[in-house]
Amino acid sequence: MHILLVLTNEFQTKASPIGGVFQLDQAKVLRSAGYKVGVISPALLSPRRFLLNYKYKKKEIIQKIPVLREYKKNLLPAKIKFFNNFFINYYETKGLSLFDEYKKKFGTPDILHVFDIRFGLFVGNIIKEKRNVPFILTEYCAEVASNTLPLTQNFIKNKVKNKIINAHKITTCSKKFSSIFKKKLDIKKNVGVHYPVMPPSSSKASIKIIKKKKFTFISVNRLDPNKNVELIVNAFSNNFKGKEAVLELVGKGPNLKIIKKLIKKKKIKDQVFIYENLSRNEMLSKLSRANCCLVASKVETFGVILIEAAARGLSLISTKAEGPLEIVNKINGFLVEQGSVKKYGQAMIKTIDLNLSIKKRKLIRNDIINRFGNKIYLKRIRNILNKI
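Residues numbered from 1 in each chain as written. Predicted model: local features only at pLDDT ≥ 70, side-chain atom pairs only at ≥ 80, totals over all residues. Heavy atoms only, no water.

1. Comments concerning the side chain of Ser288
With respect to the helices, strands and loops of the structure, Ser288 is situated in helix α10 (residues 280-288). Of the residues examined, Ser288 reaches a relative accessible area of 9% and is grouped as buried. With residues near it in sequence (within four places) discarded, Ser288 still touches Lys208, Ile210, Arg312 and Arg361. (Helix = DSSP H or I, 4+ residues; strand = E, 2+ residues; numbered from the N terminus. Buried < 20%, exposed > 50% of the residue type's maximum accessible area, 1.4 Å probe, protein only. Contact = heavy atoms within 4.5 Å.)

2. Description of the side chain of Asn84
Secondary-structure assignment places Asn84 in helix α2 (residues 84-106). Once residues lying within four places of it in the same chain are set aside, the contact partners of Asn84 are Arg118, Pro150, Leu151 and Phe155.

3. What to know about a positive patch on the surface
Together, Lys175, Lys375, Lys379 and Arg380 make up a region of like positive charge exposed at the surface. If you tally residues by element for the positive patch, the top one is helix α15 (residues 374-385), at three residues. Positionally, Arg380 belongs in helix α15. (Patch = residues over 30% accessible without salt bridge, like charges linked within 9 Å, V, L, I, M, F, W, Y side chains within 5 Å. Areas by Shrake-Rupley, 256 points an atom, 1.4 Å probe, with all protein chains shown as cover. Salt bridge = Lys/Arg side-chain N within 4 Å of Asp/Glu carboxyl O. Lys, Arg positive; Asp, Glu negative; His and termini not counted. Charge placed at Lys NZ, Arg CZ, Asp CG, Glu CD.)

4. Quick notes on the sheet that holds strand β1 (residues 2-6)
Spatial ordering of the open sheet is given by β3-β4-β2-β1-β5-β6-β7-β8, a layout of eight strands whose pairing is mixed. Since the sheet does not close on itself, it has two edges, and those belong to β3 (59-62) and β8 (191-193), each with one partner. The sheet shows a mean angle of 25° between the axes of neighbouring strands, taken without regard to direction. One ladder, built from four bridges, connects β1 with strand β5 (residues 111-114); its direction is parallel. Across the sheet, the residue bridging to Leu4 is Leu112, located in β5. (Pairing = 2+ DSSP bridges. Axes fitted to C-alpha atoms, helices over the stretch in contact; angles between N-to-C directions.)

The structure is reproduced here in structure tokens:
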């Protein structure tokens, strides 16, 4: 079977090296299982890119996976709803053009996999209408769950809903998010679940023997209001200030200055370390050497970092957001009520007290691979593909 992934943002470029990383991982796993896989990526660039000398490869082969890109500089802010019709016209035109170019070089795919209702849905739908290739839709976007997606209700009613019913299969990345998605968009068809693939680097990861005097908590998150990293900093400060523990924050974002001020105010600068510009490999190295991975999101549609951490034998603590409800269990950690600094701190104390042995960490790894590893991923996606 021939599967074409359609990603409507930057995919693995020099300017955005982690863009599309989960789709690339998906393509690698599918290809290793014998599927023919390719990627097309039409996108309007952020206005932040407008004055840059932006260069990218329009055609590339990444580990035997063909990738076609078409990006255009753009001055219109994507968050302004008024411009949606202009954006959609671009994505439909360029998406169809890239598809035709891909088809000419690599053959006609049996199915498309698109990843968002804002742009990907429209690309998938026009290819289905014009070229008769079915598509699967998977929505990951937290903005849908938090009601911050820049689409008007009228746009959703008149544009999105009459396209979404044309999908061969509608999915999101967790059970609770599927329920929310179905209700918010008033979808009559079944909305299933398509969990993200576990990155191959995590499937092959080994349990490292940690010989650190200080217990290391790690948070790998964009520093924005939804990720709520301030809660983590407050919980750490309240319970571990001056003790044998450190907190590593990997990421950057609009709340960076707020978090730095909070760390200074709490007088924990010698225990909390922020790493703003780590490469993915550097981040994974940090993760492998930590003891416990922390998530405090208000909305978290899945939480790939949690399965990456568990695959390395780390314990987990997360707020009760959509995806973590299915990832965190009694084997690997604790789920905490939203917004409770006190309960989050109590979970952190319990995690240190557990003092995980290598045997226990291997149990955490085996459990997460059994539930989200490549073998179960391929079984799940075959169940979808076999019904085409």
